[in-house]
Each structure stands twice: as C-alpha cells, then as structure tokens.
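Commentary on secondary and tertiary structure
Now for the letters of each chain:
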Amino acid sequence: MSIITISRGSYSKGKEVAEKLAERLAYDCISRDILLEASNEFNIPEIKLIRALHDAPTVLERFTHGKVRYLSYLRSGLLNYVLKDNVVYHGLAGHYFLKDVPHVLKVRIIADIEDRVREEMKRENISEEEARYILKKDDEERRKWGMQVYGTDTWDSNLYDIVLHIGRITVDDAVDVLHNTVQKPAFQKSPASQKLLNDMALSAKVLSNLIQIAPDVNVKSNDGVVVILNSAALTENVISEIKKIAETVEGVKEVELHGIETKVQQDHINPFYNIK
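Summarised in this report is the structure supplied together with it. Only a predicted model underlies this, so the values are computations on that prediction, with no experimental measurement involved. (Residues numbered from 1 in each chain as written. Predicted model: local features only at pLDDT ≥ 70, side-chain atom pairs only at ≥ 80, totals over all residues. Heavy atoms only, no water.)

**Here's the deal with the pattern of salt bridges**
Close approach of charged atoms allows side chains with opposite charge to pair. For the coordinates displayed, the defined rule picks out 19 salt bridges. We note a salt bridge from Arg123 to Glu119, for which the minimum N-O separation is 2.7 Å. Of this pair, Arg123 and Glu119 both sit in helix 7 (residues 113-124), four residues apart, roughly one helical turn. Residue classification places Glu119 among the buried residues on the basis of a relative accessible area of 16%. Asp138 is the partner of Arg142 in a salt bridge, and the nearest nitrogen-oxygen pair spans 3.0 Å. In this pair, Arg142 and Asp138 are both assigned in helix 8 (residues 128-150), four residues apart and thus about one turn of the helix distant. In this pair, the class of Arg142 matches that of Asp138, namely buried. Through salt bridges with shared partners, a single ionic network connects Lys13, Glu16, Glu119 and Arg123. (Salt bridge = Lys/Arg side-chain N within 4 Å of Asp/Glu carboxyl O. Helix = DSSP H or I, 4+ residues; strand = E, 2+ residues; numbered from the N terminus. Buried < 20%, exposed > 50% of the residue type's maximum accessible area, 1.4 Å probe, protein only.)

Shown next as structure tokens:
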C-alpha cells in the first residue's frame, strides 16, 4: 500500500502516466478532486484555490496571508484524502505537501519542449508561437511559485525519487518503471510512516481551521495531542477561540498552547477573520 505523487509540466504526458499507472495498480487517481473537496469543506471558491496553486504570491497576498490560507486548505484536503493509501496524485504541490512521508513515491515527469509545443498546438488549435509562449510562461510561473512559497525550484531533481523523460521512454514504459518501483520495500507503508501521516493530516486540519483568526500559528500533533505554537502576542479572546476551535476538530484528544503570549486587546475584530 503506497502513495504516488506525480509532478508534471503542461503537456508533458504526466496526466496520462498518472491515469494509466492508477488503473494498473487499481489505485485512486486524483488531481482536481482535492480542489473541489477543499472548496466544499472550507467554503472557498475553487478559482481562488487554483490561483493559490498556480500563481506566485504577490507582496499584498504575503502580507494578508491569503495564499498561505488557501494552500493550508489544499494541504489539509490532500493529506486527509491520502490517509487511506492507494492513491496516485498528479498536480502541483504534492511533492511539497507529502515530502516527509517515507511511503510516498515522488515522481517528476518531463518532456522535450518541442513535443510539448506540438501537443499544445494540436489540443488548443493555436500557432506554434502562441503555444511556445504559453508553455514558457506556465513553466516560469510554476518555478516562481515553488521558490516563493517553499524556497525550492520545482525542477530540482532532489525533490523526487525518480525523474522520467517522456520521449524515447514512452508513457507505457514510464508506467512499467513506476509500477515496479512502487513495489519496493522503501515505498511500503509501515506503522511508523502511517503514524507520521496521521499526525501530519491532523495538524493540517487543525491549522486550516485556525488560520483565519491566527495566521501565524504553527501546529504539531502526536497521537491526537495537538500543540499550537505562535510567536506573536494574541488577545485573550483569540487565544480562547484558538483552543475552542482546535478542540472541536475530529481526532483531537487534547490541546496544548505553547509560546503564546497575551496582549492587551485593542481591536474588537481580528483583521484576518473575515478575509476570503
């Protein structure tokens, strides 16, 4: 039982590899599903989640924590979805959200730019010049996103267990390679790796419920015991609300607040509370 994340550029055949691999393994194949799930659970328009995944953050968004909030919803959605294992996820950020989980096979699919240009021209019925411009812009945005949000380049091979270049290696060849690789002991779930994933999923779920009122909190969990840390001083009302919200999240057994200082309440409304 394993989890596979596939990072890909536009028209690199990564989607085909993911779908064929999932079919062969009898795994769920997910991508946009996570956007829909997060959109429904947190009542956030899907377009905002799509932009959070594709557009590099602006200075204003970094100041208002808008993109950070949307990414926390997506991370929570993905982590809670993959708890059941047997999943192939293809799309942005999977290799970031799941990077610390040992039984996740992290894959990067690439292809020659000329092949990608021809594919985009064919599918979108556009000129070579238009296709090349769109692909270049998309690649730059994805790389910029990774650098600004996580400080790493999505093209860095160190992020992945395996990088496959579709060309001489066909889609079916790639599926064969990945099918064989995921059977290796290194990518099989263990009690320790499942516990780690459970803890990560619970932490992400608590954080996504708190981030509107306390965008700077850090959440860690261990077998249902949730520790919430925050470096900034908060009002007593906000601290009380943090504990109240965290205790209502399914799976939470106990809540501990560490490093949270109380400040004199000057504002009646938290400025982040109603940001959508």
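There is more to say, and it comes next.
**Some details on unusual backbone geometry**
Non-glycine residue Lys13 carries a positive phi angle of around 75°. Backbone geometry at Asn125 places phi at a positive 55°, although glycine is not the residue there. Mapped onto the elements, Asn125 comes out in the loop between helix 7 and helix 8. Judged by its relative accessible area of 70%, Asn125 is exposed.

**Some remarks on the environment of Ile213**
Checked against the element boundaries, Ile213 lands in the loop between helix 10 (191-210) and strand 6 (218-222). Accessibility expressed as a relative area gives 6% for Ile213, which makes it buried.

**Quick notes on the sheet that holds strand 5 (residues 162-166)**
The strand order 2-3-1-4-5 describes an open sheet built from five strands, whose pairing is parallel. Edge positions in the sheet fall to strand 2 (28-30) and strand 5, since each has one partner strand and no second. Shown here is a sheet whose adjacent strand axes are inclined to one another by a mean of 20°, direction ignored. As paired elements, strand 2 and strand 3 (residues 87-90) share three bridges and run parallel to each other. (Pairing = 2+ DSSP bridges. Axes fitted to C-alpha atoms, helices over the stretch in contact; angles between N-to-C directions.)

**Observations concerning the nonpolar core**
If you look at the biggest cluster of nonpolar residues, it comprises 23 residues, and the most contacted ones within it are Leu78 and Leu98. Of all the elements, helix 5 (residues 66-81) adds the most residues to this core, at five residues. Apart from residues lying up to four places away in sequence, Leu98 is in contact with Ile3, Thr5, Leu78, Leu79, Val82, Val104, Lys106 and Leu197. Membership of the second largest hydrophobic core comes to 22 residues, among which are Leu25, Val88, Val107 and Phe187. (Core = buried A, V, L, I, M, F, W, Y, C linked by side-chain atoms within 4.5 Å. Contact = heavy atoms within 4.5 Å.)

**Describing the pairing of strand 6**
The alternating pattern of strand 6 places Val219 and Ser221 on a buried face, while none of Asn218, Lys220 and Asn222, on the opposite face, is buried. Summarising the sheet, strand 6 and strand 7 (residues 225-229) pair through five bridges and their orientation is antiparallel. Among the inter-strand pairings, Lys220 is bridged to a residue of strand 7, identified as Val227. In this structure, the hairpin formed by strand 6 and strand 7 is closed by a connection of two residues, where Asp223 is found at a positive phi of approximately 55°.

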